[in-house]
Amino acid sequence: MELDILKKARDFANQIQETDIQAFLLKNQKKIEHHLLRLIADQWIARQKARFKLPEWYANAEVIFPPPLSVEQASSAVTATYKADIFASPSYNTIADLTGGMGIDTCAFARTHKQVMYIERNPAVACVAAHNFAALGYNNIKVANQEASDFLKTETLLAQTHFYLDPARRDTAQNKVFKIEDCEPDLLSIKAVLGEYMVKYSPMLDIKLAIEQLKGIGQIHVVAVENEVKELLFLSRAASDTPQITCVNFLADATRQSFVFDYATEQAASTTYVLPQKYIYEPNAAILKAGAFKSIAQVFGLNKLAPNSHLYTADTLMAGFPGRVFECEAVCKFDKKEILSKLPYNQANITTRNFPIKPDEIRKKLGIKDGGDTYLLATENYQHQKIVLVCKKILNL
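Scoring rules and cut-offs
- Residues numbered from 1 in each chain as written.
- Predicted model: local features only at pLDDT ≥ 70, side-chain atom pairs only at ≥ 80, totals over all residues.
- Heavy atoms only, no water.
- Helix = DSSP H or I, 4+ residues; strand = E, 2+ residues; numbered from the N terminus.
- Contact = heavy atoms within 4.5 Å.
- Areas by Shrake-Rupley, 256 points an atom, 1.4 Å probe, with all protein chains shown as cover.
- Lys, Arg positive; Asp, Glu negative; His and termini not counted.
- Charge placed at Lys NZ, Arg CZ, Asp CG, Glu CD.
- Pairing = 2+ DSSP bridges.
- Axes fitted to C-alpha atoms, helices over the stretch in contact; angles between N-to-C directions.
- Disulfide = S-S within 2.5 Å.
- Buried < 20%, exposed > 50% of the residue type's maximum accessible area, 1.4 Å probe, protein only.

Engineer: So what about the overall build of the protein chain? Which residues, and what values?
Structural biologist: When helices and strands are tallied, the protein chain shows 16 helices and 16 strands. Considering only residue pairs separated by 6 or more positions, the protein chain has 64% of its internal contacts joining residues 24 or more positions apart. For the protein chain, the computed accessible surface area is about 19,500 Å², with 51% contributed by carbon and sulfur atoms. Charge separation in the protein chain, taken as the distance between the mean sites of 46 positive and 44 negative side-chain charges, equals 5 Å.

Engineer: So what about the sheet that holds strand 13 (residues 323-333)? Which residues, and what values?
Structural biologist: A sheet is described by the order of its strands in space; here 7 strands give the open sequence 11-12-10-13-16-15-14, paired in mixed fashion. Two strands lie at the open edges of the sheet, namely strand 11 (303-304) and strand 14 (347-352), each paired on one side alone. Of the pairings in the sheet, the one linking strand 14 to strand 15 (residues 369-380) comprises 6 bridges and is parallel in character. Opposite Ile350, over in strand 15, you have Leu376 as the bridge partner. Packing against the sheet, helix 16 (residues 359-366) makes contact with strand 14 and strand 15, and its axis sits at approximately 140 degrees to strand 14.

Engineer: Please provide a residue-by-residue account of the state of the cysteines, values included.
Structural biologist: Applying the stated criterion across every chain yields a total of 0 disulfides. The thiol of Cys332 is not disulfide-bonded; the next cysteine sulfur, from Cys328, is found 8.7 Å away.

Engineer: Please give an account of unusual backbone geometry that cites residues and values.
Structural biologist: For the bond running from Glu184 to Pro185, omega is 0 degrees, close enough to zero to count as cis. Along the polypeptide, Pro185 turns up in the loop between strand 4 (161-165) and helix 10 (187-190). Here Ala238, not a glycine, exhibits a phi torsion of approximately 50 degrees, which is positive. Looking at the secondary structure, you find Ala238 in the loop between strand 7 (228-235) and strand 8 (244-250). Relative accessible area serves as the criterion here: at 58%, Ala238 is assigned to the exposed category. At Asn346, a residue that is not glycine, the phi angle is positive and equals roughly 50 degrees. Its place among the elements puts Asn346 in the loop between helix 15 (336-340) and strand 14. Overall, Asn346 belongs to the partly exposed group, its relative accessible area being 36%.

Honestly, it's all geometry; don't read function into it.
What follows is the structure in structure tokens.
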């Protein structure tokens, strides 16, 4: 059985975790059967990828990992826990994960719901998931090897069940897709029978278009980890014409930055444009993806450098800002001599906002090294002038 072969590969991989995998493969390519050798390599690499992303799975020697790419694409423990927490409700004891996959989200739901139904159409994936749930001690997960559409036709607990979907974002030719109707399953065709649901989509999805298509959305969560947007979550709970949007960014130290707004407030807000002041504020990636461009300025009492630059400024230091804050030491034209005069060590971190040249090209033009304590923010002001802000990052606000 394939499960037995996977267990053998897992055990072998566990024994060689401190070994150079490339050297091991070269040494054993004639000693170990090719299929088993490939599975050993997959288990070794996948477990390494899970080390920090999925510490509970990494620490359990009984866990069988899927191919490394699946681990790379799966939810992290941080984002899975966040989803389970925001979807928990005393009114719903049961949740059906209609697109089970590796089962990271399923395990998180098992900690917030009395019963979890894991639905997975691939029999091999479902078999490994069932093994892992038992190995990890999740005894309240029921595994069903079914198509989501078939499960929805036969399940009798729909009225008391939460539903979660993470639709596949690749077509039959394995090309990436981003539109709701192109993902599998197509939520638009089944949402009428779901009741209360949460769906996860790619960060590439147009949020406003999704609201229009899905209709009846009450909450949207834009989830970033270390300033990289990972997930867009849409919840049907408390449906509204102006759903609440929560932007959350998990930092490396496990703390989080949060900002809540809605598009009606965003549209009504006004913005003042000024030249750079003492402090420069850069919202995190979740806020920028959600489009809270005026709301963030209004809430924190900030001015903006230009309509499309998305950098903000003030003469006062605002604690709790969800993003990076800098002290501006100089404002330069995009002129090599002028900028280098502000860089005694010829070293700086470079960020661009609404600027025609990429950071690597700027670094090459200036002839400087990456890193150090100085930050160059290349942008445009409201007078349409290309400028470079020479800054120091403010820590521990």
